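The primary structure of each chain is shown beneath.
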Amino acid sequence: GIQVEQSPPDLILQEGANSTLRCNFSDSVNNLQWFHQNPWGQLINLFYIPSGTKQNGRLSATTVATERYSLLYISSSQTTDSGVYFCAGSIQGAQKLVFGQGTRLTINP
Amino acid sequence: DGGITQSPKYLFRKEGQNVTLSCEQNLNHDAMYWYRQDPGQGLRLIYYSQIVNDFQKGDIAEGYSVSREKKESFPLTVTSAQKNPTAFYLCATEDRLGANYGYTFGSGTRLTVV
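Structure report, in brief.

**Quick word on the overall build of chain A**
Stage number 1. What chain A contains, in helices and strands, is zero helices and 11 strands.
Stage number 2. On C-alpha atoms alone, chain A measures out to a radius of gyration of 13 Å, which is about the 13 Å that the 2.2 N^0.38 rule sets for 109 residues.
Stage number 3. For chain A, the spread of C-alpha atoms along the principal axes amounts to about 45 × 25 × 20 Å.
Stage number 4. Relative to its 109 residues, chain A shows a buried fraction of 46%.
Stage number 5. Residue pairs in contact within chain A that sit at least 24 positions apart in sequence constitute 54% of those at least 6 positions apart.
Stage number 6. Accessible area of chain A: about 5300 Å², with a carbon and sulfur share of 48%.

Quick look at the structure:
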């Protein structure tokens, strides 16, 4: 199966800072998605982004499908952005998403 | 409000018991999934169902069973054959046709063996 590698594993920033999270895939994927897991365990879908760039407020994501990676940008971080960010994708023809190990983001006031 | 309801939020199981975790959705999504998350880890797929009365094993199906008798419901049974069941269990649905394409997750069930 595909391997999903996320970096960095941990990131600690001050409120107001910007950050970039990366996701690399071992094979071509479709159905690429980014999720945020809050401290209570709830997973929220941030982006469905098999290719190209999308923006939603302070968050944006870019996927370069031909090079098998995706980036999540968070600008002007707030303490509520803390949590774990996961990327996930599936290979062509498969229905199930494979998740990375996540990036734990801590935003300090 | 449309969404996914998982119950209970916390569940304690004695050794040798079977327990069933509930997942109900009113999003009208065909596909449903069960994932397991261990502390500090990503999510691993247990079972999934594309349509009523059909389901497939995921990567870690041993010791688990599911049913899909209704579109809205996809319960997961953790059997006594699952040797290390303590984990956070997440149910998800997938919208493949609507504007909000992608997975939606429930709030999860934390299972602890006592």
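**Digging into the pattern of salt bridges**
Stage number 1. Inspection of every chain in the model, using the stated rule, returns five salt bridges over all chains.
Stage number 2. Linking aspartate 59 of chain B and lysine 96 of chain A is a salt bridge whose minimum nitrogen-to-oxygen distance equals 3.1 Å. Taken together, the residues aspartate 59 of chain B in the loop between β6 (54–57) and β7 (64–66) and lysine 96 of chain A in the loop between β9 (83–90) and β10 (98–99) connect one chain to another.
Stage number 3. In this structure, the salt-bridge partner of arginine 44 of chain B is aspartate 38 of chain B, at a minimum N-O distance of 2.8 Å.

**Structural notes on the sheet that holds strand β7 (residues 59–64) of chain A**
Residues and elements named next belong to chain A.
Stage number 1. Spatial ordering of the open sheet is given by β1-β3-β8-β7-β6, a layout of five strands whose pairing is antiparallel. Edge strands, defined here as strands with exactly one partner in the open sheet, are β1 (4–7) and β6 (52–56). Taken over all neighbouring pairs, the strand axes of this sheet differ in orientation by 15° on average, direction set aside.
Stage number 2. Strand direction decides the pairing type here: strand β3 (residues 19–25) and strand β8 (residues 69–74), joined by six bridges, are antiparallel. The residue bridging leucine 21 from the neighbouring strand is leucine 72, located in β8.

**Section: the interface of chain B and chain A**
Stage number 1. Residue-level contacts link 21 residues of chain B with 17 residues of chain A.
Stage number 2. On the chain B side of the contact with chain A, Tyr101, Tyr103 and Phe105 of chain B bury the most area, a combined 31% of that side's loss.
Stage number 3. For the pair chain B and chain A, the interface holds nine residue pairs in polar contact (both at pLDDT 80 or more).
Stage number 4. Considering each element in turn, the side of chain B that touches chain A owes the most residues, four residues, to strand β5 (residues 43–51) of chain B.
Stage number 5. Its residues assigned to classes, the side of chain B that touches chain A shows 10 nonpolar, seven polar and four charged.

**Re the state of the cysteines**
Residue and element names in this part refer to chain B.
Stage number 1. Evaluation of the coordinates by the stated rule reveals two disulfides over all chains.
Stage number 2. Across a sulfur-sulfur distance of 1.9 Å, cysteine 23 and cysteine 91 are joined as a disulfide pair. The disulfide joining cysteine 23 to cysteine 91 has a torsion of about -70° about its S-S bond and is therefore left-handed. With cysteine 23 in strand β3 (residues 19–25) and cysteine 91 in strand β9 (residues 87–95), the pair connects residues that are 68 residues apart, well separated along the chain. Residues cysteine 23 and cysteine 91 agree in their burial class; the two are buried.

**Digging into the sheet that holds β3 of chain B**
All names here are of chain B.
Stage number 1. Strand order in this open sheet of four strands is β1-β3-β8-β7, and the pairing throughout is antiparallel. Looking at the sheet topology across the chains shown, the edges are occupied by β1 (4–7) and β7. Ignoring strand direction, the axes of neighbouring strands in this sheet form an average angle of 20°.
Stage number 2. With four bridges joining them, β1 and β3 adopt antiparallel strand pairing. Residue serine 7 lies in a different strand from β3, and its bridge partner there is serine 22.

Cut-offs and rules
Residues numbered from 1 in each chain as written. Chains lettered and ligands numbered in written order. Predicted model: local features only at pLDDT ≥ 70, side-chain atom pairs only at ≥ 80, totals over all residues. Heavy atoms only, no water. Helix = DSSP H or I, 4+ residues; strand = E, 2+ residues; numbered from the N terminus. Rg over C-alpha atoms; globule rule 2.2 N^0.38 Å. Buried < 20%, exposed > 50% of the residue type's maximum accessible area, 1.4 Å probe, protein only. Contact = heavy atoms within 4.5 Å. Areas by Shrake-Rupley, 256 points an atom, 1.4 Å probe, with all protein chains shown as cover. Salt bridge = Lys/Arg side-chain N within 4 Å of Asp/Glu carboxyl O. Pairing = 2+ DSSP bridges. Axes fitted to C-alpha atoms, helices over the stretch in contact; angles between N-to-C directions. Buried area = accessible area lost by both parts, 1.4 Å probe. Polar contact = N/O pair within 3.5 Å; in protein donor to acceptor, adjacent residues only side chain to side chain. Nonpolar A, V, L, I, M, F, W, Y, C, P; charged D, E, K, R; others polar. Disulfide = S-S within 2.5 Å.

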